[in-house]
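Residues per chain are reported as follows:
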Amino acid sequence: MQSTVINKKTTHESMERIEVMEKEKQKELRLSSECFGEITYTADAIMSFEHGLTGFEDLKEFVVVDIDGCEPFQWLIAINSPTIGFPVLPAGAVDAEYELRMREEADLMYGMNADHLLVFIIATLPTDLEESTINLRAPVLIDAHRNTGQQMILMSDEYSAEYPLFQDAAVSERR
Amino acid sequence: MLVLTRRHGEAITVGDDILITIVSVEGQHVRVGVKAPRSVPIYRSEVQERIKLENRRAAQATQADVQRLASVWKPKAD
């Protein structure tokens, strides 16, 4: 009997601890950026990029945020350098088959768990916005469960790093 | 940088599981075979440079640019 009571107490304490930890994760954090104004996010939204992004190897922590009027685009913003942000599109918004193939590729290359995997495509916006392109060659992979991310450069050159955003046919039909 | 001389058909081992073989040599062209675990990405060096450049260009976008683009580009309904 005694041991049952002790166990209950321990369970109760650890439950409380978990609640505190959960609250900590949900706590609203803010960062201000000249470029994006004030951005709010929660600690559990921080994704660590062990290798940064290609060419931005020093940037190790990012959040994906929505900014008013940008939908369906989101922003991948570097927490420690909030002036650096990349406009991204969820791969599913571009082409469902492409997204599926990237999931398979991520699993093959990194053993990333497909259930928690988010695939984003970085967009490049030149002065003439009609010339905007998306980088299908190097999507950003985020493991929402482990809070990690990385940019995957595809070995094969079947997808372009500068695919025109304004295309009629689906990506997988016209690569 | 370590520089090694190799003939056609000879190879170089890197670490435990990477094998680089000189497949053929014809004038200026050298064909190289690379055998490595699937988790080791292999690309021509210019590919990485290309992605670096593209990332730098992408990081130039402003909020206003993206808002304007978002007003004209919509995802295709599946």
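Parameters at a glance
- Residues numbered from 1 in each chain as written.
- Chains lettered and ligands numbered in written order.
- Predicted model: local features only at pLDDT ≥ 70, side-chain atom pairs only at ≥ 80, totals over all residues.
- Heavy atoms only, no water.
- Helix = DSSP H or I, 4+ residues; strand = E, 2+ residues; numbered from the N terminus.
- Contact = heavy atoms within 4.5 Å.
- Core = buried A, V, L, I, M, F, W, Y, C linked by side-chain atoms within 4.5 Å.
- Buried < 20%, exposed > 50% of the residue type's maximum accessible area, 1.4 Å probe, protein only.
- Salt bridge = Lys/Arg side-chain N within 4 Å of Asp/Glu carboxyl O.
- Arc of directions from axis to C-beta.
- Buried area = accessible area lost by both parts, 1.4 Å probe.
- Polar contact = N/O pair within 3.5 Å; in protein donor to acceptor, adjacent residues only side chain to side chain.
- Nonpolar A, V, L, I, M, F, W, Y, C, P; charged D, E, K, R; others polar.
- Expected span 1.5 Å × (residues − 1).
- Pairing = 2+ DSSP bridges.

**Topic: the overall build of chain A**
Logical step 1: A tally of regular secondary structure across chain A gives three helices and 11 strands.
Logical step 2: Starting at the N terminus, the α and β elements of chain A follow one another as α-β-β-β-β-β-β-α-α-β-β-β-β-β.
Logical step 3: Residue pairs in contact within chain A that sit at least 24 positions apart in sequence constitute 45% of those at least 6 positions apart.

**Notes on the nonpolar core**
Logical step 1: With 40 residues, the main nonpolar core has A:Phe73, A:Trp75, A:Ile77 and A:Ile134 as its most contacted residues.
Logical step 2: At the level of secondary structure, the elements contributing two or more residues to this core comprise β2 (37-42), β4 (61-65), β5 (74-78), α2 (91-94), α3 (96-110) and β7 (117-124) of chain A together with α2 (63-72) of chain B.
Logical step 3: One finds A:Met47, A:Leu76, A:Val88 and B:Ala59 within the second-largest nonpolar core, a separate group that totals 16 residues.

**A word on the pattern of salt bridges**
Residue and element names in this part refer to chain A.
Logical step 1: A complete count under the given rule lists 11 salt bridges over all chains for this structure.
Logical step 2: Close ionic contact of Arg30 with Glu38 constitutes a salt bridge, the shortest N to O distance being 3.0 Å.
Logical step 3: Glu99 is the partner of Arg103 in a salt bridge, and the nearest nitrogen-oxygen pair spans 3.7 Å. Of the two residues, Arg103 and Glu99 both sit in helix α3, four residues apart, roughly one turn of that helix.

**A word on the environment of A:His145**
Logical step 1: Looking at the secondary structure, you find A:His145 in the loop between β9 (140-143) and β10 (148-151).
Logical step 2: A:His145 sits 10 residues away from A:Met155 along the chain, and the two C-alpha atoms are 26 Å apart.

**Regarding α2(B)**
Logical step 1: The complete set of buried residues in α2(B) reads B:Asp65, B:Val66, B:Leu69 and B:Ala70. Viewed end-on, α2(B) has its buried residues packed into an arc of 130°, placing them on one side of the element. When the buried face of α2(B) is taken as reference, the exposed residues oriented beyond 90 degrees from it are B:Ser71 and B:Val72.
Logical step 2: Where the residues of α2(B) are buried, they touch β5 and β6 (85-90) of chain A.

**What to know about the interface of chain B and chain A**
Logical step 1: Facing 31 residues of chain B, the contacting portion of chain A comprises 47 residues.
Logical step 2: Taken together, both faces of the contact between chain B and chain A bury some 3400 Å²; the carbon and sulfur share is 64%.
Logical step 3: Per-residue buried area on chain B facing chain A is highest for B:Arg38, B:Leu69 and B:Trp73; these three make up 21% of the total on that side.
Logical step 4: One can count two salt bridges joining chain B with chain A.
Logical step 5: Linking chain B with chain A are seven residue pairs in polar contact (both at pLDDT 80 or more).
Logical step 6: Broken down by element, the side of chain B that touches chain A gets its largest block of residues, 10 residues, from helix α1 (residues 45-58) of chain B.
Logical step 7: Tallied by class, the residues present in the side of chain B that touches chain A amount to 15 nonpolar, six polar and 10 charged.

**Details of α3(A)**
All names here are of chain A.
Logical step 1: Along its 15 residues, α3 runs 21 Å from first to last C-alpha, staying within 8% of the 21 Å computed at 1.5 Å per residue.
Logical step 2: Within the sequence span of α3, burial applies to Tyr98, Met102, Ala106 and Met109. The buried residues of α3 occupy an angular sector of 80° when the element is viewed end-on, so they sit on one face.
Logical step 3: The opening residue of α3, the one whose side-chain oxygen lies 3.0 Å from the backbone nitrogen of Glu97, is Asp95.
Logical step 4: Two residues or fewer after α3 comes Gly111, characterised by a positive phi angle close to 60°.

**Here we look at the pairing of β6(A)**
All names here are of chain A.
Logical step 1: For β6, a buried count of five out of six residues is recorded, marking the element as mostly surrounded by other parts of the structure.
Logical step 2: Alignment of β5 against β6, held across four bridges, turns out to be antiparallel. Residue pairing for β6: Trp75 is matched across the bridge by Pro87.
Logical step 3: The loop that links β5 with its antiparallel partner β6 comprises six residues.
Logical step 4: Summarising the sheet, β6 and β7 pair through three bridges and their orientation is antiparallel. Note on β7: the bridge partner recorded for Leu89 is Ile121.

**Examining the pairing of β4(A)**
Residue and element names in this part refer to chain A.
Logical step 1: Bridge analysis of strand β3 (residues 47-48) against β4 gives two bridges, and the strand direction is antiparallel. Residue pairing for β4: Ser48 is matched across the bridge by Glu61.
Logical step 2: Relative to β5, β4 runs antiparallel, the two being bridged by four bridges. Bridging across to β5, Val65 finds its partner in Trp75.

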